[in-house]
Amino acid sequence: IPKRDWSSDVCSSDLLHAAAARRRVVERAEQDPQAVAHRDQGYPSRVAPPRILHAPLNIAGGPEALSAGLNAIGCTSRLMVFTRQPFRDGSDVNLHLRQGGGPVNLALNLPRQALAFGRTLPQYDIFQFHFGVTIVPKKINLPVLGRLGKGRVFHFWGSDLRDAPVAKWDYALRRADAAIVGSYAILPRAPRAPGWPDYDVVPPGIDLGLWQPAVPE
């Protein structure tokens, strides 16, 4: 996948807050004698930077900005989407799935989703799912990633989590290595249950290269 030309001034705190998912990658890499050395501060010297896949929705450009920030600090991060969303088309891979429900669309979309999922498995260490949506159904997606030792991160953006019943996210979050929200304001209204990871707060990323400083008059 060709890398995009991103500014280095991109918010990249996503990497720091995904520590729970990253831990599996670090432990596995520490045992690998072929692990590539790198100079990023905060990682053991023998551990290669993680490879992260953001999927499958580009909510208001947030996943796009986070992926850009990770690339800017030396990681390999890509964004794969089901389809282009209004006003944003910053994905690296677009599956061009049919929109709407129904058995016909499901039958046409699912093989394409399964093929994409299979192709990404050897390419990435951490899978970060946005708005609670996985690449294939959760009861397939999450156990497969768990057996392969991949990091599983759920990144929530507001209405997907706010005041939601525990039952809605229990299956996913019991199998997640990290859970992220975009604002401290959502924490009092976020469901919690035993066995779930604690929520980390990662504010939406901002590409500072798109803004010019101005002195107030």
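Rules of the game
- Residues numbered from 1 in each chain as written.
- Predicted model: local features only at pLDDT ≥ 70, side-chain atom pairs only at ≥ 80, totals over all residues.
- Heavy atoms only, no water.
- Helix = DSSP H or I, 4+ residues; strand = E, 2+ residues; numbered from the N terminus.
- Buried < 20%, exposed > 50% of the residue type's maximum accessible area, 1.4 Å probe, protein only.
- Areas by Shrake-Rupley, 256 points an atom, 1.4 Å probe, with all protein chains shown as cover.
- Core = buried A, V, L, I, M, F, W, Y, C linked by side-chain atoms within 4.5 Å.
- Contact = heavy atoms within 4.5 Å.
- Pairing = 2+ DSSP bridges.
- Axes fitted to C-alpha atoms, helices over the stretch in contact; angles between N-to-C directions.
- Expected span 1.5 Å × (residues − 1).
- Bend = angle between axes of the 7 residues up to and from the residue.
- Salt bridge = Lys/Arg side-chain N within 4 Å of Asp/Glu carboxyl O.
- Phe/Tyr/Trp six-rings, centres within 6.5 Å; stacked < 30°, edge-to-face > 60°.
- Lys NZ or Arg CZ within 6 Å of the ring centre and 35° of its normal.
- Polar contact = N/O pair within 3.5 Å; in protein donor to acceptor, adjacent residues only side chain to side chain.
- pLDDT = per-residue confidence, 0-100.

Draft legend 1. Up close: the overall build of the chain. A tally of helices and strands in the chain yields six helices and seven strands. Start at the N end of the chain and walk to the C end: the helices and strands fall as α-α-β-α-β-β-α-β-α-β-α-β-β. In the chain, buried positions account for 47% of the 217 residues. Summed over its atoms, the accessible surface of the chain is roughly 11,600 Å², and 57% of this surface lies on carbon and sulfur atoms.

Draft legend 2. Here's a closer look at the nonpolar core. Counting 33 residues, the largest nonpolar core has Ile135, Phe156, Leu173 and Tyr199 as its most contacted members. Counting residues per element, the ones that place at least two in this core are strand E1 (51–55), helix H4 (103–120), strand E4 (126–130), helix H5 (138–147), helix H6 (166–174), strand E6 (178–181) and strand E7 (199–201). Looking at which element gives the most residues to this core, the answer is H6, with three residues. Excluding residues that lie within four positions of it along the chain, phenylalanine 156 makes contacts with Gly132, Leu161, Trp169, Leu173, Ala179, Ile180, Val181, Gly182 and Tyr199. Of all hydrophobic cores here, the second largest spans nine residues; its members include Ile52, Leu66, Leu70 and Ala178.

Draft legend 3. Representation of the sheet that holds E6. Across the sheet, which stays open at both edges, the seven strands sit in the order E3-E2-E1-E4-E5-E6-E7 with parallel pairing between neighbours. The sheet terminates laterally at strand E3 (93–94) and E7, the two strands that pair on one side only. Across five bridges, the pairing between E4 and strand E5 (residues 151–155) is parallel. Considered in E5, the bridge of glutamine 128 is made with valine 153. Across the sheet, helix H3 (residues 62–72) touches E1, strand E2 (76–81), E4 and E5, and the angle it forms with E2 is around 160 degrees. Relative to E5, H5 is tilted by about 135 degrees, and along the sheet it contacts E4 and E5.

Draft legend 4. Looking closely at the environment of leucine 108. Tracing the chain through its elements places leucine 108 in helix H4. On the basis of relative accessible area, leucine 108 is assigned to the partly exposed category, the value being 46%. In the structure, leucine 108 is positioned 10 residues away from arginine 98 in sequence and 7.7 Å away in space, judged by C-alpha atoms.

Draft legend 5. Focus on H4. For H4, spanning 18 residues, the distance from its first C-alpha to its last is 26 Å, which sits close to the expected 26 Å at 1.5 Å a residue. In H4, a bend of some 30 degrees at asparagine 109 exceeds every other bend along the element, and proline 111, a proline, comes one to four places later. Buried within H4 we find Asn105, Asn109, Gln113, Ala116, Phe117 and Thr120. Among the structural elements, E1, E2, E4 and H5 are those in contact with the buried residues of H4.

Draft legend 6. Summary view of the pattern of salt bridges. A full pass over the atoms with the stated rule returns four salt bridges. Taking the shortest distance from any N to any O, the salt bridge between aspartate 163 and arginine 189 comes out at 2.4 Å. Of this pair, aspartate 163 sits in the loop between E5 and H6 while arginine 189 sits in the loop between E6 and E7, placing them 26 residues apart in sequence.

Draft legend 7. Expanded view of the packing of aromatic side chains. This model, assessed by the stated rule, comprises six aromatic pairs. Ring pairing ties together the aromatic residues Phe117, Tyr124, Phe127, Phe129, Phe154, Phe156 and Trp169, which thus form one cluster. Between the NZ or CZ atom of lysine 139 and the centre of the ring of tyrosine 171, over which it lies, the distance is 5.6 Å. Geometry around tyrosine 171 places arginine 175 over its ring, the cationic atom sitting 3.7 Å from the centre.

Draft legend 8. A look at the side chain of glutamate 64. Summarising the element assignment, glutamate 64 is placed in helix H3. Looking at glutamate 64, its side chain comes within polar contact range of the side chain of asparagine 58, at 3.1 Å.

Draft legend 9. Just the confidence of the model for the chain, in detail. Per-residue confidence for the chain gives a mean pLDDT of 82, with 78% of residues at or over 70. In the model of the chain, helix H1 (residues 13–17) stands out as the element of lowest mean pLDDT, 45, in contrast to E4, which has the highest, 98. Note on residues 1–21: pLDDT under 50 across the span, and 62 contacts to partners over four residues away in sequence or across chains. In the predicted structure, residues 32–45 sits below a pLDDT of 50 and forms 22 contacts with residues beyond four places in sequence or in another chain.

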